[in-house]
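# A look at the structure
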Amino acid sequence: MTTDAGPANGSWPPKVMRAMPSHPVPTLDDVRPVPPRGAARKKAAAMPKPAPVIAIRIPLRVAGMILLGLVAIVLVSLSTWSVDDPSLSYATTKVAENWLGFPGAVIADIVFQFLGLGGIVMSVPLALWGWTLARRRRPTHLPLRLLSWIAAVLLSTGVFAFLPTPASWPLPTGLGGLTGMLFTNLSAMITGAAPQPITATLFAIIIAIPAFATLWLAMGLGTSVSVESAKSTSARH
């Protein structure tokens, strides 16, 4: 029986050991950018963002002046309106007496036909918004004010429609225009007859309450903010 014997000197040759790193070497896929810290993060936040492809910026003063100009055109057209002026609903060879000529006569005829005296209510919030923008101030809660403005104009036509129409009013649609006639027709459907003076006054009072409330919201008196304060608030955030 034979056995394997070791080397003559009684010791085995030492094994060659490969040195292994304590941590694996990262590959290219494992490398991730280090997020900025401290001053670098503030510097990155302060860098201007790229502008969109199409950017149109109108100064507030210019926008306010444009809006005031449009309101002035409407008010001048309404104040110098004559039922005998040529318009889209009345053809005549007569020269328009409106201060703005035929365009002013057309504007006044459309407003009075559809809104009646509600066209004046329509102009009040627009004039206040224009004045606010011209002073480099920004109206707050603009979507709410737009909705309130539309509601105030519509409700005001209902209020004017229930008021007694004077004999000097030349249009058969009444003081509320065609929009106001919708309110009078609705009241006739509810009561089963044309509104009498007492019921018409009652309906006018009922509609006047939400009309004044929405008009107040649309005007937004004392709620505008200056552009400088808005910029400083956004910069702090």
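Placed above this text is the structure.
In this report, we go over the structure that sits alongside the text. (Residues numbered from 1 in each chain as written. Predicted model: local features only at pLDDT ≥ 70, side-chain atom pairs only at ≥ 80, totals over all residues. Heavy atoms only, no water.)

A separate point is the overall build of the protein chain. What the protein chain contains, in helices and strands, is eight helices and two strands. Secondary structure elements in the protein chain, listed N-terminal to C-terminal, are α-α-α-α-β-α-α-α-β-α. Taking as baseline every contact in the protein chain between residues at least 6 positions apart, the subset at least 24 positions apart corresponds to 66%. Entry remark: accessible area of the protein chain is about 17000 Å², with carbon and sulfur atoms responsible for 70%. (Helix = DSSP H or I, 4+ residues; strand = E, 2+ residues; numbered from the N terminus. Contact = heavy atoms within 4.5 Å. Areas by Shrake-Rupley, 256 points an atom, 1.4 Å probe, with all protein chains shown as cover.)

Taken N-terminus to C-terminus, the directions of helix α3 (residues 101–114) and helix α6 (residues 177–191) make an angle of 5°; their axes are 3 Å apart at the nearest point. By the angle between their axes, α3 is roughly parallel relative to α6. On α6, the residues touching F112, Q113 and F114 of α3 are G177, L178 and T179. Of the residues in the contact of α3 with α6, the class split is three nonpolar, three polar and no charged. (Axes fitted to C-alpha atoms, helices over the stretch in contact; angles between N-to-C directions. Parallel < 35°, antiparallel > 145°, perpendicular 65-115°, else oblique. Nonpolar A, V, L, I, M, F, W, Y, C, P; charged D, E, K, R; others polar.)

Turning our attention to the nonpolar core. Core analysis: the largest hydrophobic core is formed by 23 residues, its most contacted members being L78, F112, M122 and W149. Elements represented by at least two residues in this core include exactly α2 (60–79), α3, α4 (118–134), α5 (142–162) and α7 (197–219). Setting aside chain neighbours within four positions, we find M122 in contact with V74, L115, W149 and V153. Counting eight residues, the second largest nonpolar core, distinct from the first, contains V159, A200, A204 and A208. (Core = buried A, V, L, I, M, F, W, Y, C linked by side-chain atoms within 4.5 Å. Buried < 20%, exposed > 50% of the residue type's maximum accessible area, 1.4 Å probe, protein only.)

Another aspect to go through is the packing of α4 against α5. It is the contact of α4 with α5, at a shortest axis distance of 8 Å, that shows an interaxial angle of 155°. Compared by their axis directions, α4 and α5 come out roughly antiparallel. Note on packing geometry: the crossing formed by α4 with α5 is right-handed. In this structure, α4 contributes G118, V121, M122, P125, L126 and W129 to the contact, and α5 contributes R145, L146, W149, A152, V153, S156, T157 and F160. (Left-handed = near helix turned anticlockwise from the far one by under 90°.)

Moving on to a nonpolar patch on the surface. Among the surface-exposed residues, I58, V62, I66, L70, I73, W99 and L100 lie close enough to one another that they form a single nonpolar patch of about 720 Å² accessible area. Overall, the relative accessible area of 70% leaves W99 in the exposed class. (Patch = residues over 30% accessible without salt bridge, like charges linked within 9 Å, V, L, I, M, F, W, Y side chains within 5 Å. Salt bridge = Lys/Arg side-chain N within 4 Å of Asp/Glu carboxyl O.)

What follows concerns the pattern of salt bridges. Scanning the entire structure with this criterion turns up one salt bridge. As a salt-bridge pair, K94 and E97 come within 3.0 Å of each other at their nearest N and O atoms. A relative accessible area of 32% places K94 in the partly exposed class. Here E97 falls in the partly exposed class, since its relative accessible area comes to 47%.

We now examine unusual backbone geometry. Even without being a glycine, R136 presents a positive backbone phi close to 60°. By the element assignment, R136 lies in the loop between α4 and β1 (137–138). With a relative accessible area of 29%, R136 lands in the partly exposed category. Phi is positive for H141, which is not a glycine, with a value near 50°. When its relative accessible area of 58% is taken as the criterion, H141 is described as exposed.

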